[in-house]
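Notes for the structure review
What follows is the residue order along each chain.
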Amino acid sequence: MIRLIGYFFGIGVMLALVVAAGVAFYIGTISKDLPDYEVLARYEPPVTTRVHASDGALMAEFARERRLYLPVQAIPDRVKAAFLSAEDKNFYQHPGIDILSLFRAVATNVQNIGTGRRPVGASTITQQVAKNFLLDSSQTYDRKIREMILSFRIEQAYSKDRILELYLNEIFFGLGSYGIAGAALTYFDKSVNELTISEMAYLAALPRGPTNYHPYRHTERAIERRNWVIDQMVANGFVEAEEAAKAKEEPLGVSPRRGGTYMEAGEYFTEEVRREMIARYGENALYEGGLSVRTTLDPEMQLQAREALQNGLIRYDTLRGFRGPVAEIELGDDWGVAVGEVPAIADVPEWRPAVVLETGEGGVTVGLQPRRQASGELVEDRETATLAVADMEWALRHTVDGQRVRANSIDEVLQAGDVVYVEAKADGGYLLRQVPEVAGGMVAMDPHTGRVLAMVGGFSYAQSEFNRATQAMRQPGSSFKPILYAAALDNGYTPASVVDDAPITIRIGNDVWEPKNYGGNFAGPSTLRMGIERSRNLMTVRLANDMGMDIVAEYAERFGVYDKMLPVLAMSLGSGETTVMRMVSAYAVMANGGRYIQPSLVDRIQDRYGKTVFKHDQRVCHGCNAATWEGQAEPELIDERDQVLDPMTAYQITSMMEGVVQRGTATTLAELGHPIAGKTGTTNDSRDAWFVGYTPDLVVGLYVGYDQPRTLGNGATGGGLAAPIYKEFMAEVLKDKTPVAFRVPEGMQQIAINRQTGMRASQGEGGVIMEAFKPGTGPADSYWVIGMDGATAERAREISPQASEALISGSGGGLY
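Values in this document were obtained by computation on a predicted structure and should not be read as measured data.

Cut-offs applied
- Residues numbered from 1 in each chain as written.
- Predicted model: local features only at pLDDT ≥ 70, side-chain atom pairs only at ≥ 80, totals over all residues.
- Heavy atoms only, no water.
- Helix = DSSP H or I, 4+ residues; strand = E, 2+ residues; numbered from the N terminus.
- Buried < 20%, exposed > 50% of the residue type's maximum accessible area, 1.4 Å probe, protein only.
- Polar contact = N/O pair within 3.5 Å; in protein donor to acceptor, adjacent residues only side chain to side chain.
- Contact = heavy atoms within 4.5 Å.
- Phe/Tyr/Trp six-rings, centres within 6.5 Å; stacked < 30°, edge-to-face > 60°.
- Lys NZ or Arg CZ within 6 Å of the ring centre and 35° of its normal.
- Salt bridge = Lys/Arg side-chain N within 4 Å of Asp/Glu carboxyl O.
- Pairing = 2+ DSSP bridges.
- Axes fitted to C-alpha atoms, helices over the stretch in contact; angles between N-to-C directions.

To continue, consider the side chain of T470. Within the secondary structure, T470 is located in the loop between β16 (452-456) and α15 (481-489). When its relative accessible area of 18% is taken as the criterion, T470 is described as buried. For T470, the side chain forms a polar contact with the side chain of E272, separated by 3.1 Å. What T470 contacts, discounting residues up to four positions off in sequence, is E272, R275, M455, T579 and M581.

Now the structure itself:
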């Protein structure tokens, strides 16, 4: 018996050794190609790039995985406790594998053999880190054993806090969010420090299966799982029973944070920044690099700019009449569902789709589109409103078969079932609205730094993503003239130089070009100032011809209006195509004293670690970081930008453009009561209407025109369409601000001259203006007219008093 027992014992030992050898061989085999767990030390997960306005307000987030990385020290203890209770309560005690949980899982799986149920696991947080970072998600025993081996190794290499930090920042929570910080923002629009017990418990429930506990599709199941987590927190001593009871009574309270753009009215600006980031660093850096981008956007000014441009486009469009409903639906008892399918304009929240229910003499009754809940479902209400006939008079001019006609009553324009946009009035009631056909772009810039403070690329980004401020190539028309006149002033001409404003014929080979002034009139010999103020085409062409178009092209390229300008006379009237951004940058040169401007939408970019990788302001300041003051001079910022225009020339052209506002084609702006310099512009056939203007600290430019260029109509001008938009915007910007005069460079001389002849004025003479001259220059001693022979010039001098009177009264040519 003893020999038999010894025999079986020997066999058992041999079998045990064989099994041990087999296990060792198996483990050794699957361990050979295990991933290198040391990569966890270099872990850099895809992190959300965040874009901020100049005041720090969040504008947008860009990410493939919506994640914000948080060190474990920044995560509240209760949040960590919620996840430990839900996933691994023994995390800080076990060596990477929870043996007791493992045996329970094995026993359960044995019992479930043949039932078709999915095997249950007993993964610790360490095992989940191993799986998520280093392995796949296959349900095999090989993968599970590899996971265990890696878990032991990870536990030996890293602290528990580091492992928990990796876990809480990597896991997927659903709704596109990764990591606890991203999930808190996505589900509750809160930081982790603001989460309630109920909210943190729900988030802790999600890693097990986000789709299984979806807040809207599986609400009851989600609440049940959340409450289980709360109970576990109580059992583990992390939460008091009374607190838990209150938390379990709360609804889920999920309020999904919308992705993309968060800044109202900032969509065009944000998209331009996005494109710039991709061009600078590539898509991966934008969507995974965790960049922090501080832009130049002024949120308040952006809202003001968008409102001014939208109002201007609506004002023009309504004068052209109503073009018909947005859609037509069948009316029924449940019209709210039908009108709910009509898309609203996402970035024009003031407008709301509405269906016409009834028309009558007193007005139109409409049913408003029901509001939507956070889940996207329509709220069950049937809100109606009345549009008064007086508020929709403009719609009586409507389009029928492509022809504009005037209706006798509103029921000829709208019928029951028509879907239109309406806007609530401040004093009650609603206005009928339609999306303007006409478009436009607008840019506001700091002339001293090139920082773009506001940019509007059209009426609505949701309607059209095409940015008309930076992408639309349009003819600037007469708004180009200040660049030409600045070139003249920089090359020997003065504001008092006289050019003939008379018919001219230009022959180029067999072709003949006969430019005309707006309105077809001409005023005879006039000073350069008068040419700018009254926007004279004929004298501008003569000036360009006298000066040489090569010089004009050089200055246009210096100012950044064109990269390469064709030096032909037609370009002197702004017939080349450029953008609003380029025109505003060019005017900034004249506003800042002649320094070259590089427009920028971005002030600073930092990487995920806070290191500055880009800064727009490249000015140098020696001595700014001195530790103490020891009587040294005050440090100065050194501006190394190119001086592309003489500062005195910049002041002269600024003074001349002030005359445009005071006496010329933009006199409506004089009502603002601030020094403003600017220029209107209208292209051939009135296809585009421009205004670009500036105060000492702000340059603003805009145009109005159709995307497919066509005439804006007879009488449509920059002074009539674009300048009022500028006026509305600047009225808000300049509100409660003290007027600031343009700085006069040292050495400039102010001399009284005759506005018509450009010669020094005699005491008591009428029609006198103070003109700025550079040192060594002044009014001409003898009368000379550019573009006229001597005899004609002499006769012009004899009739100059009459011509002067005509100009002053405004009868000498049209304004535009």
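Let's shift gears to the packing of aromatic side chains. One pass over the full model with this rule turns up 18 aromatic pairs. Taking the centre distance of 5.9 Å and the plane angle of 70° together, the rings of F322 and W394 count as edge-to-face. Of this pair, F322 sits in the loop between α13 (299-319) and β7 (327-328) while W394 is found in the loop between β10 (384-388) and β11 (397-400), placing the two residues 72 residues apart along the sequence. A connected cluster of aromatic rings, assembled from ring pairs, spans Y187, F188 and Y202. Above the face of the F91 ring, K160 is positioned so that its terminal group lies 4.5 Å from the ring centre. Taking the ring centre of Y706 as reference, the NZ or CZ of R710 above it sits at 3.7 Å.

Another point: the side chain of N592. Inspection of the secondary structure assignment puts N592 in the loop between α19 (580-591) and β21 (602-606). Of the polar contacts made by the side chain of N592, one reaches the backbone oxygen of P447; its length is 2.9 Å. One polar contact links the side chain of N592 to the main-chain amide nitrogen of R595, over a distance of 2.8 Å. Apart from residues lying up to four places away in sequence, N592 is in contact with P447, H448 and I597.

When charged atoms on two side chains of opposite charge get close, those side chains can pair. Scanning all chains against the criterion turns up 39 salt bridges. The residue E350 makes a salt bridge to R306 at a minimum N-O spacing of 3.2 Å. Here the residue E350 occupies a position in the loop between α14 (335-340) and β8 (351-360), and R306 occupies one in helix α13, the gap between them amounting to 44 residues. Between E671 and K727 there is a salt bridge whose closest N-O contact spans 2.5 Å.

Attention now goes to helix α2 (residues 77-87). For α2, the tally of buried residues reaches nine of eleven residues, placing the bulk of the element in the interior. The set of residues buried in α2 consists of V79, K80, A81, A82, F83, L84, S85, A86 and E87.

Once that is clear, we can look at the sheet that holds strand β25 (residues 677-682). Strand order in the open sheet formed by five strands is β16-β15-β27-β26-β25, and the pairing between neighbours is antiparallel. Bordering the open sheet on either side are β16 and β25, each of which pairs with just one other strand. This sheet shows a mean twist of 5° between the axes of neighbouring strands, independent of strand direction. Bridging between β25 and strand β26 (residues 688-695) involves six bridges; their strand directions are antiparallel. If you follow G678 over to β26, its bridge partner there is G693.

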